[in-house]
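Residue-level structural notes
Chain by chain, the residues run as shown.
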Amino acid sequence: MQTTHSDQFQDIREAVRDLCQQFSGDYFRKIDEARGYPETFVHALTKAGWLAALIPQEYGGSGLGLTEASVIMEEINRAGGNSGACHGQMYNMGTLLRHGSAQQKDRYLPQIASGDLRLQSMGVTEPTTGSDTTKIKTTAQRRGDRYVINGQKVWISRVQHSDLMILLARTTPLTDVKRKSEGMSIFIVDLREAIGHGMTVQPILNMVNHETNELFFDNLEIPAENLIGEEGQGFKYILDGLNAERTLIAAECIGDGYWFVDKVTAYAKERIVFGRPIGQNQGVQFPIARSFVNVEAASLMRFEAARRFDAHEPCGAQANMAKLLAADASWEAANACLQFHGGFGFACEYDVERKFRETRLYQVAPISTNLILSYVAEHILGLPRSF
Ligand SMILES: Cc1cc2nc3c(=O)[nH]c(=O)nc-3n(C[C@H](O)[C@H](O)[C@H](O)COP(=O)(O)OP(=O)(O)OC[C@H]3O[C@@H](n4cnc5c(N)ncnc54)[C@H](O)[C@@H]3O)c2cc1C
């Protein structure tokens, strides 16, 4: 069930649903149990062109916008899958498209569109600085025609299943810049050349089956031509990528939210206790109805964030608000779904516990709920800066 924008993007929705039907809950459950990577699924998505949605047609992609990309991600999660295995390529694309040079686009985009290269990773977070991104300690020092990278990153996802990574590093020390957001730069790191030659990957076993890693850089040398845009402006560029990421992850939460609502609604109609369907009790109906309302409202904010991103209008406020609303709505729907499945919610075969774990992540990553509220308080409402 869906009442908002239900008549839009039907062609995309149906095509993605058709593809996802080949990858049932059973497929994702088995991957989850084995802590594996859904390689066949990601390959099928790539082959069908969905992961090249944002790449302009002249480079072999479909030239769609973030709006359509968000619908693709939503449908994957709505079908019971987990876009976390592959969403990086979508939001990293924004950074490369908007700030990459013509040479970088010529070099990478056709190969990404054809599926020969994957750009699935983005390295921002560090263990000692966390959400305080401008304090990152990883440095990139220019030496002739190379940059030399030293430092550490944590929670960097899909590195084992990507060929390229976008990396944020300091090129000017924090003490030498006027504004703390200055002096950082972004680079394309070719993981095939970097791993074992100055970069080490340490996988992190975690609550969801999310391939994520700690990265160590010890004099990793990368060609100077891998700098994206101007040196020192990287934080500004990465914000575009982060706004795209927040909007897409909002869409995934919306897909999760609809999945939970549909699943629990069907179950509440058929589960008979005390001689009637449990869904006949208002104590069961209301939490489901409320989470449905919240998923639909979050979806509208997602479309507004995506519209603004596609129109090159400022969209930080909408992207952050969409992420908060959608993460809260999917978490609320997840709780209702688990609760009203009773004991069966805990049985892996229903997929509820897996999706419950997966959607919980989005209260923390890629930006925690508190940090969004703090952004809204300070940057939208003009309340005094808290940190
Ligand atoms: C599975 C997974 C995958 C990830 N993938 C990536 C990736 O691919 N690339 C990448 O760069 N990062 C990635 N991350 C990192 C993610 O973006 C961070 O975990 C997130 O931004 C929170 O940062 P932190 O973990 O350092 O928490 P911290 O910054 O240490 O914060 C801890 C808690 O304290 C709260 N807090 C901190 N300061 C304040 C304050 N001033 N006011 C109120 N509350 C506050 C936060 O809200 C949070 O709940 C991933 C994380 C996970 C778990």
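Residues numbered from 1 in each chain as written. Predicted model: local features only at pLDDT ≥ 70, side-chain atom pairs only at ≥ 80, totals over all residues.

Moving on to the environment of Ile-372. Looking at the secondary structure, you find Ile-372 in helix α12 (residues 369-380). Given 19 C-beta atoms within 10 Å, Ile-372 falls into the partly exposed group. Sequence separation of Ile-372 and Asn-206 is 166 residues, and the distance between their C-alpha atoms is 24 Å. Setting aside chain neighbours within four positions, we find Ile-372 in contact with Asn-320, Lys-323, Leu-324 and Ile-367. (Helix = DSSP H or I, 4+ residues; strand = E, 2+ residues; numbered from the N terminus. Buried ≥ 20, exposed ≤ 12 C-beta atoms within 10 Å, placed from the backbone. Contact = placed C-beta atoms within 7 Å.)

Attention shifts here to the pairing of strand β1 (residues 119-123). When you tally the buried positions in β1, you get five out of five residues, the bulk of the element. Where β1 meets strand β4 (residues 164-170), four bridges bridge the pair, whose relative direction is parallel. Across the sheet, residue Met-122 finds its bridge partner in β4, namely Ile-166. (Pairing = 2+ DSSP bridges.)

Another point: the UniProt feature "domain: Acyl-CoA dehydrogenase/oxidase C-terminal" (unreviewed entry) in the protein chain. The UniProt record annotates "domain: Acyl-CoA dehydrogenase/oxidase C-terminal" (unreviewed entry) at residues 232-366. Secondary structure across residues 232-366 comprises 74% helix and 3% strand; the distance between its end C-alpha atoms is 23 Å. (UniProt positions renumbered as here; feature names shortened; annotations may be inferred.)

Under the 1.5 Å per step criterion, the end-to-end length of helix α5 (residues 88-99) is 17 Å for 12 residues, consistent within 8% with the ideal 16 Å. Most of α5 is tucked away, with nine of its 12 residues classed as buried. Those residues of α5 that sit buried are Gly-88, Gln-89, Met-90, Tyr-91, Asn-92, Met-93, Gly-94, Thr-95 and Leu-96. (Expected span 1.5 Å × (residues − 1).)

A separate point is the domain arrangement of the protein chain. In terms of domain boundaries, the protein chain breaks down into domain 1 (10-114), domain 2 (119-233) and domain 3 (236-380). The C-alpha centroid of domain 3 is placed 20 Å from the C-alpha centroid of domain 1. At the level of elements, α2 (25-33), α4 (66-78) and α5 are the ones that each hand at least two residues to the side of domain 1 that touches domain 3. When residues of the side of domain 1 that touches domain 3 are assigned to their parent elements, the largest contribution, 10 residues, is made by α4. Each residue belonging to the side of domain 1 that touches domain 3 can be placed in one class, and the counts come to six nonpolar, 14 polar and six charged. (Domains from an automatic or database assignment. Nonpolar A, V, L, I, M, F, W, Y, C, P; charged D, E, K, R; others polar.)

So, on to the UniProt feature "domain: Acyl-CoA dehydrogenase/oxidase N-terminal" (unreviewed entry) in the protein chain. Summarizing the sequence annotation, UniProt attributes the feature "domain: Acyl-CoA dehydrogenase/oxidase N-terminal" (unreviewed entry) to residues 7-116 in the numbering used throughout. Annotated as 62% helix and 0% strand, the span residues 7-116 places its first and last C-alpha atoms 35 Å apart.

This part is about the environment of Val-376. You can see Val-376 is positioned in helix α12. A tally of 15 C-beta atoms within 10 Å means that Val-376 is categorised as partly exposed.

In the region of the ligand, 22 residues are neighbours, and Val-124, Gly-130, Ser-131, Trp-155 and Ser-368 sit closest. Counting only elements with at least two residues in the shell around the ligand, the list comes to β1, β3 (146-157) and α12. Counting the residues that make up the shell around the ligand, at least three belong to each of domain 2 (119-233) and domain 3 (236-380). (Near = placed C-beta within 6 Å.)

Sheet topology note: the strand β2 (residues 139-143)/β3 ladder contains five bridges and is antiparallel. Residue pairing across strands places Thr-139 opposite Asn-150, the latter belonging to β3. In this antiparallel pair of consecutive strands, β2 and β3, the connection spans two residues, and Gly-144 shows a positive phi of 60 degrees. Across nine bridges, β3 lies against strand β7 (residues 212-223) in antiparallel orientation. Across the sheet, the residue bridging to Tyr-147 is Ile-222, located in β7.

Let's shift gears to α4. Taking 1.5 Å per residue as the helical rise, α4 with its 13 residues ought to reach 18 Å, and the 18 Å between its terminal C-alpha atoms agrees with that figure. Within α4 the residues assigned to the buried category are Leu-66, Thr-67, Ala-69, Ser-70, Val-71, Ile-72, Met-73, Glu-74, Glu-75, Ile-76, Asn-77 and Arg-78. Against α1 (10-21), α5, α8 (234-270) and α9 (282-310) lie the buried residues of α4. Where α4 ends, the next residue or the one after it, Gly-80, has phi of about 100 degrees, a positive value.

Let us look at unusual backbone geometry. Pro-366 follows Ala-365 through a cis peptide bond whose omega is -5 degrees. Residue Arg-158 is not a glycine yet carries a positive backbone phi of 65 degrees. By secondary structure assignment, the location of Arg-158 is in the loop between β3 and β4. Residue classification places Arg-158 among the buried positions, given that 25 C-beta atoms sit within 10 Å. The backbone of Asn-219 sits at a positive phi, close to 55 degrees, despite the residue not being glycine. Positionally, Asn-219 belongs in strand β7. The class for Asn-219 is exposed, based on 12 C-beta atoms found within 10 Å.

Between α1 and α4, whose axes approach to 9 Å, the crossing angle comes to 35 degrees. The handedness of the crossing between α1 and α4 comes out as right-handed. Contacts from Ile-12, Arg-13, Val-16, Arg-17 and Cys-20 in α1 reach Glu-68, Val-71, Ile-72, Glu-75 and Ile-76 in α4. (Axes fitted to C-alpha atoms, helices over the stretch in contact; angles between N-to-C directions. Left-handed = near helix turned anticlockwise from the far one by under 90°.)

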